[in-house]
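This is what each chain is made of:
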Amino acid sequence: MGSSSCHCLSEKCIHKTWNRKQKPLLFIKPGDEVTITSPDASNGEITRASTTADISKIDYRRLDPLVGPVYVEGASPGDALEIEVLDLKILSWGWNACLPDFGLLSDEITDPYLKIWELDRDHIEMPNGAKFKLRPMIGCIGVAPGEDGDYASITPTNAAGNIDVRYLGVGAKLYVPIFNDGALLSAADGHAIQGDGEINGTAIECPMEMSLRINLIKGAGIEAPEILTVDTFAAEEGYRIFTGIGPDLMAATREAVRRAIPVLARSQNVSELEAYAMLGLVGELRIHEIVDKPNWVVGCMLPRRLF
């Protein structure tokens, strides 16, 4: 619970679904700073000692808990929250996995996979020695939807939620339309680093302490989330781009990713399963061309240091 001296919610203040009738656990005023400590996306089911064999034991009903809700005084439908990310503290370790029925190619790549990452440095290192700076970000943050009922915590909507935009890190601002009095803000799903698209279904999932400043914009009139970034952290050395081309954007995306996997696996001297998981951390999906109907061009972009 919060107090006048510390607007804080711990990892114990969790709920499972987005629901406009969820009871608020913290009341704040516009301009207040809030600290939300969230568990990792497994909610403790994966630990430092876990192995790939433990994937089959996961209770999926416990995954992806939300921390909140936070009631913002004066917030009403038609307004918007401005959520400024002040600081994100990674709490020591994280994991990346291929989970059943999850990820872009989950119908084709069905073997389980788990890698535990120690996050005691400011970067991670790939098998070929390529280093990537940690880019902590919030995967899931938003407000209660305007309709009655329970909505899965992993669902992104116009009220935000599990939008998984890799640029929602320190210094960024998220603008979210409000659909209920008080807004009912919740957050979760800390990522130490994530590729654009979270291709395999997971980033480096980690417990995280999120420091946020919550402002209120009356009568904002926005219809869906907007984000102001401070950095897009493009690969300075350039990219190797694998393309998918065709009349179906999703099919083209899958083709681009399929073409990247075996090449990355050979370059890193790892299995194709591990290469696929690696894409969730450092791959970047782009729609390169959307006008030359009936064929669109999608790219799976990988920093050249990987090769």
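Above: the structure in question.
A brief report on the enclosed structure follows. (Residues numbered from 1 in each chain as written. Predicted model: local features only at pLDDT ≥ 70, side-chain atom pairs only at ≥ 80, totals over all residues. Heavy atoms only, no water.)

Helix and strand content of the protein chain: two helices and 22 strands. Over its C-alpha trace the protein chain gives a radius of gyration of 19 Å, about what one expects of a compact globule, namely 19 Å for 307 residues. Considered along the principal axes of its C-alpha atoms, the protein chain spans approximately 55 × 50 × 35 Å. Expressed as a percentage of the 307 residues in the protein chain, the buried residues total 52%. Of the contacts formed within the protein chain by residues at least 6 apart in sequence, a portion of 78% connects residues at least 24 apart. (Helix = DSSP H or I, 4+ residues; strand = E, 2+ residues; numbered from the N terminus. Rg over C-alpha atoms; globule rule 2.2 N^0.38 Å. Buried < 20%, exposed > 50% of the residue type's maximum accessible area, 1.4 Å probe, protein only. Contact = heavy atoms within 4.5 Å.)

Take the side chain of Thr 202 next. Relative to the assigned elements, Thr 202 resides in the loop between strand 17 (183-191) and strand 18 (208-217). A distance of 2.8 Å separates polar atoms of two side chains, one belonging to Thr 202 and the other to Asn 96. Polar contacts involving the side chain of Thr 202 include one to the side chain of Asn 200, which spans 3.4 Å. Not counting residues within four places of it along the chain, the set of residues in contact with Thr 202 comprises Trp 95, Asn 96, Ala 97, Leu 99, Gly 280 and Leu 281. (Polar contact = N/O pair within 3.5 Å; in protein donor to acceptor, adjacent residues only side chain to side chain.)

Counting across every chain of the model gives four cavities of 30 Å³ or more. Lining the largest cavity, in full, are Asn 96, Tyr 113, Lys 115, Trp 117, Met 126, Pro 127, Glu 274, Ala 277, Met 278 and Leu 281. For the lining of the largest cavity, the leading source of residues is helix 2 (residues 272-282), giving four residues. Taken together, the residues of the lining of the largest cavity break down into seven nonpolar, one polar and two charged. Reported here for the second largest cavity is a volume of approximately 40 Å³. In terms of lining residues, the second largest cavity is bounded by Asp 64, Pro 65, Leu 66, Cys 140, Ser 153, Asn 162, Ala 188 and Asp 189. Partitioning the lining of the second largest cavity into residue classes produces four nonpolar, two polar and two charged. (1 Å grid on protein atoms, 1.4 Å probe; cavity = no way out; pocket = protein on both sides within 12 Å on 5 of 7 lines; lining within 4 Å. Points joined across faces, edges and corners; volume = space filled by probe spheres on them. Nonpolar A, V, L, I, M, F, W, Y, C, P; charged D, E, K, R; others polar.)

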